[in-house]
Amino acid sequence: MADNEQQGNPMPQSSDHPQKKKKWASYIMAFVIFLTVIILLFIFTVMKFRTPKFHMRPSNSFDTFDVQPSTPSFNMRLNAQLGVRNTNFGPFKYDSTAITFYYRGIEVGCATVPESKVNFLSTKKVNVPVDLVMPTTLACSEDLISDLNSGILPLTSQSKLNGNVEIIFLFKKNRTADMNCTMEVNIAIEELQNIKCK
């Protein structure tokens, strides 16, 4: 009789199995969320193509410096220190280009920037010698006479650096870095100062 009672009352099933399923499901969900965040960070940081910066650096010097306020005239050789800043997670390869210097919109010098490459997350320093010579069209310029007598010669520089950024050896995109800088030649101390680039 006791045996019949035991057979008629089966043991209750353990609830551990459904709990384990829920636990694994939560682990998988957390992993998927983590993986999604990593992929989004990769897309919006590593895979984002940024335009490099092209500018004049403050450490410039003159090899020759001949400025005559009374004439007026100027003839200088500038060792222009340029910088190409690459903030991409891949190298930036650029073609050779020209950099042009102007005095109040009139060209006074031009030089070639040779082709090269900037490694990822780095800045490349480029030294370019350029002759700054007063053109004959400025021989009777009242602005030039006034500027030379004041001891400050305002100049601007412009250039475009065309190239492409390559990320993880698979993805390439063309980028153009523009230079547009203003500066002043301090005649008394023979220095280039107040360099500002957009």
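Details of the structure are given in the entry above.
Residues numbered from 1 in each chain as written. Predicted model: local features only at pLDDT ≥ 70, side-chain atom pairs only at ≥ 80, totals over all residues. Heavy atoms only, no water.

Novice: Can you tell me about the overall build of the chain, naming the residues and giving the values?
Specialist: Scanning the chain from N- to C-terminus turns up 3 helices and 11 strands. When the helices and strands of the chain are placed in sequence order, the string is α-α-β-β-β-β-β-β-β-β-α-β-β-β. In the chain, which comprises 198 residues, the share counted as buried stands at 33%. Within the structure as shown, the chain displays about 12,800 Å² of accessible surface, and the carbon and sulfur contribution to it stands at 55%. (Helix = DSSP H or I, 4+ residues; strand = E, 2+ residues; numbered from the N terminus. Buried < 20%, exposed > 50% of the residue type's maximum accessible area, 1.4 Å probe, protein only. Areas by Shrake-Rupley, 256 points an atom, 1.4 Å probe, with all protein chains shown as cover.)

Novice: Got a sec to walk through the environment of Lys125? Specific residues and values, please.
Specialist: With respect to the helices, strands and loops of the structure, Lys125 is situated in strand β8 (residues 122-133). With sequence-adjacent residues up to four places away left out, Lys125 is seen in contact with Arg57 and Leu82. (Contact = heavy atoms within 4.5 Å.)

Novice: I'd like a description of the side chain of Thr100, backed by residues and values.
Specialist: Relative to the helices and strands, Thr100 resides in strand β5 (residues 97-103). Not counting the four nearest positions on each side in its chain, Thr100 is found in contact with Glu107, Gly109, Cys110, Thr156, Ser157 and Gln158.

Novice: Break down the packing of aromatic side chains for me, with residues and values.
Specialist: Taken as a whole, this structure holds 2 aromatic pairs when the rule is applied. Here the aromatic rings of Phe62 and Phe65 are separated by 5.1 Å at their centres, their planes lie at 75 degrees, and the arrangement is edge-to-face. Across this residue pair, the class does not change: Phe62 and Phe65 are buried. Here Phe92 and Tyr94 contribute two aromatic rings whose centre-to-centre distance is 5.8 Å and whose plane-to-plane angle is 35 degrees, an arrangement assigned as tilted. (Phe/Tyr/Trp six-rings, centres within 6.5 Å; stacked < 30°, edge-to-face > 60°.)

Novice: Give me the nonpolar core: which residues, what numbers.
Specialist: A general tendency of soluble globular proteins is for nonpolar side chains to be buried together. The biggest cluster of nonpolar side chains holds 41 residues, and the ones touching the most others in it are Met56, Met76, Leu82, Phe101, Leu132 and Leu153. Here the element with the most residues in this core is strand β3 (residues 73-86); it accounts for 6 residues. (Core = buried A, V, L, I, M, F, W, Y, C linked by side-chain atoms within 4.5 Å.)

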